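Letter by letter, the chains look like this.
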Amino acid sequence: MSDQKIKVWLGLGSFLLMQAGSGPVLAGEHAQSPAMDAHAAAGEGGEGGEGGEGGEGGEGGEGGEAGYVSSDPDQTYAVNLLLMKGHLKASQDLSALGFRENALAHAMHPAAETYGNVAPELEARHAAAFQQELDALVDSLTENVSDRELNAAYDAANQKIDAAMAVIDADKRNSPAFTAALALALLQQAGSEYAIGVEDGVIVNLHEYQDAGGFIAIATELLAGLDQTSPNLTAVMADLSTLKSHINGSAKMQDKVVPAAEILSGVSRIELKLNNIR
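Trainee: Tell me about the overall build of the protein, and please be specific about residues and values.
Mentor: Assigned secondary structure in the protein consists of nine helices and six strands. Surface exposure of the protein reaches about 11700 Å², of which carbon and sulfur atoms provide 52%.

Right, dumping it as C-alpha cells:
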C-alpha cells in the first residue's frame, strides 16, 4: 500500500502523484478534484485488469458504490444516470467488435453496482424503474443471443435511462450550462479512469481504459445536442474528437497507448472552454 500512487486533481485537471501515506489520501480508487462538491469514499473496486482481448461545469466524481455527488440534486441524479450510459456504451462498442466477454463485464456494472444508488431517486421523482432492463441485458450477453436481440436489449436499457433523465425540468435539462456541467463531470471521470488504466503509456487495467472511452462518448453525445454555431462549442467538439481518437476498442493489456497526462490535459482544455458555455 505504501507504493500505491494516489492521483489528486489540482485546479483545472492537473494532478499530483503522491505516495500513499505522505499526503492527502482518499479511500477508494478515484481521487477528488478541489472543484468537486463531494466525492464518495468508496472506489469502484470492480472488474480491473482484465487480461482478455478487446479493448467508468459538472462538479463531482464517481465514487463506485457510493456514486457521484453534487450540490445540485438534479446534477447528481443526471450524472449517475449518464455514468450508467457510459458503461453501457463501452459494453455495446465491445460487443460490436466481437468481445462479448468484456462487454458483459461493463454491462454488469450498472446492474450490480450503480443502479442501487439511483433507485431511491427514481422513486422519489416518479420515474420508471429499469433494473429489469439492465438485468435482461446482462442475461442476453450471458446467453449469447443474436446481435439483433442483443442490440434490442441495449436499446431497451438506454431508453429507460433516457426516460429517467426526462423527469428533470425540460428548460434546465436542455440548457447549455447544465449540459456542459454534465459533460464535464463525465470527462473528469473519464480522465480518472484513464489514469488508472494506463501507466507510463501502457495499459495496465483494460476495464478502466475502456470505461474512459464510454464516458467520453456519452459526453460527446450530450454536447452534440447543443447549438453547434457557438465558437466555444466548436473548439470543444474538436478537442473531444481528439480524445475519442485516443481510445482503441480493440486494445489489449500491455498495449502502448497515449500517456494519461495527455488525456488529462485534454480534459483540462475542454474544461476551460466549457466554463464559457452558458
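Trainee: Quick rundown of the layout of surface pockets? Include the residues and the values.
Mentor: In this structure, the largest pocket spans a volume of roughly 280 Å³. Lining of the largest pocket is provided by 14 residues; of these, Met165, Arg173, Asn174, Thr179 and Leu222 occupy positions nearest its centre. Of all the secondary structure elements, the ones that give two or more residues to the lining of the largest pocket are α1 (73-96), α4 (147-165), α6 (176-197) and α7 (206-224). Here the residues of the lining of the largest pocket sort into seven nonpolar, three polar and four charged.

Trainee: Requested: an account of the packing of α1 against α4, with residues and values cited.
Mentor: At a closest axis distance of 10 Å, the pairing of α1 and α4 adopts a crossing angle of 165°. Classified by the angle their axes make, α1 and α4 are roughly antiparallel. In this structure, α1 meets α4 at a crossing whose hand is left-handed. Contact residues: α1 offers Tyr77, Ala78, Leu81, Leu82, Met84, Lys85, Leu88, Ser91, Gln92 and Ser95, while α4 offers Leu150, Asn151, Tyr154, Ala157, Asn158, Ile161, Asp162, Ala164 and Met165. Class assignment of the residues belonging to the contact of α1 with α4 gives a composition of 12 nonpolar, five polar and two charged.

Trainee: Let's hear about the nonpolar core: which residues, and what values?
Mentor: With 70 residues, the main nonpolar core has Leu81, Phe130, Tyr194, Leu223 and Leu240 as its most contacted residues. Those elements that provide at least two residues to this core are α1, α2 (100-124), α3 (131-142), α4, α6, α7, α8 (231-245) and α9 (260-274). Examining the composition of this core, we find that 11 residues originate from one element, α6, more than from any other. Excluding residues within four positions of it along the chain, Tyr194 makes contact with Glu208, Tyr209, Ala212, His246, Ile247, Val257, Val258, Pro259, Ala260 and Ile263.

Trainee: Tell me about the environment of Leu240, and please be specific about residues and values.
Mentor: Mapped onto the elements, Leu240 comes out in helix α8. Between the C-alpha atom of Leu240 and that of Ala219, which follows or precedes it by 21 residues, the distance is 8.6 Å. Setting aside chain neighbours within four positions, we find Leu240 in contact with Leu187, Ile216, Thr220, Leu223 and Ile270.

Trainee: Give me the lowdown on the environment of Leu274, citing residues and values where you can.
Mentor: Looking at where Leu274 falls in the secondary structure, it is placed in helix α9. Leu274 sits 94 residues away from Ala180 along the chain, and the two C-alpha atoms are 5.9 Å apart.

Trainee: Tell me what's going on with the packing of α1 against α6, and back it up with residues and numbers.
Mentor: At a closest axis distance of 10 Å, the pairing of α1 and α6 adopts a crossing angle of 50°. By the angle class used here, α1 and α6 are oblique. At the point where α1 passes α6, the crossing takes the right-handed sense. The segment α1 lies against α6, with Asp74, Gln75, Ala78, Val79, Leu82 and Leu83 engaging Phe178, Ala181, Leu182, Ala185, Leu186 and Gln189. In terms of residue class, the contact of α1 with α6 is built from nine nonpolar, two polar and one charged.

Trainee: Requested: an account of the environment of Ala112, with residues and values cited.
Mentor: Along the chain, Ala112 falls in helix α2. The class for Ala112 is exposed, based on a relative accessible area of 62%. Along the chain, Ala112 and Leu134 lie 22 residues apart, while their C-alpha atoms are 9.0 Å from each other.

Trainee: An account of the packing of aromatic side chains is needed here, citing residue identities and associated values.
Mentor: The full count for this structure, using the stated rule, is two aromatic pairs. Residues Tyr115 and Phe130 carry aromatic rings whose centres are separated by 4.9 Å and whose planes lie at 80° to one another, so their mutual orientation is edge-to-face. One end of the pair, Tyr115, is in helix α2; the other, Phe130, is in the loop between α2 and α3, and 15 residues separate them in sequence. In this structure, Tyr115 and Phe130 share a single accessibility class: buried. Ring geometry for Tyr194 versus Tyr209: centroids 5.6 Å apart, planes at 45°, classification tilted. Placement of the pair is Tyr194 in helix α6 and Tyr209 in helix α7, with a sequence separation of 15 residues. With respect to class, Tyr194 is no different from Tyr209; both count as buried. We note Arg125 situated over the ring of Tyr77; from NZ or CZ to the ring centre the distance is 4.3 Å.

Trainee: Which residues make up the pattern of salt bridges, and what values go with them?
Mentor: Inspection of the entire model under this criterion finds nine salt bridges. Between Lys273 and Asp239 there is a salt bridge, and its shortest N-O distance comes to 2.5 Å. Placement of Lys273 in helix α9 and of Asp239 in helix α8 is noted, with a sequence separation of 34 residues between them. Residue classification places Lys273 among the partly exposed positions, given a relative accessible area of 24%. The network of salt bridges with shared partners includes Asp72, Asp74, Glu121, Arg125 and Lys172.

About the criteria used
- Residues numbered from 1 in each chain as written.
- Predicted model: local features only at pLDDT ≥ 70, side-chain atom pairs only at ≥ 80, totals over all residues.
- Heavy atoms only, no water.
- Helix = DSSP H or I, 4+ residues; strand = E, 2+ residues; numbered from the N terminus.
- Areas by Shrake-Rupley, 256 points an atom, 1.4 Å probe, with all protein chains shown as cover.
- 1 Å grid on protein atoms, 1.4 Å probe; cavity = no way out; pocket = protein on both sides within 12 Å on 5 of 7 lines; lining within 4 Å.
- Points joined across faces, edges and corners; volume = space filled by probe spheres on them.
- Nonpolar A, V, L, I, M, F, W, Y, C, P; charged D, E, K, R; others polar.
- Axes fitted to C-alpha atoms, helices over the stretch in contact; angles between N-to-C directions.
- Parallel < 35°, antiparallel > 145°, perpendicular 65-115°, else oblique.
- Left-handed = near helix turned anticlockwise from the far one by under 90°.
- Contact = heavy atoms within 4.5 Å.
- Core = buried A, V, L, I, M, F, W, Y, C linked by side-chain atoms within 4.5 Å.
- Buried < 20%, exposed > 50% of the residue type's maximum accessible area, 1.4 Å probe, protein only.
- Phe/Tyr/Trp six-rings, centres within 6.5 Å; stacked < 30°, edge-to-face > 60°.
- Lys NZ or Arg CZ within 6 Å of the ring centre and 35° of its normal.
- Salt bridge = Lys/Arg side-chain N within 4 Å of Asp/Glu carboxyl O.

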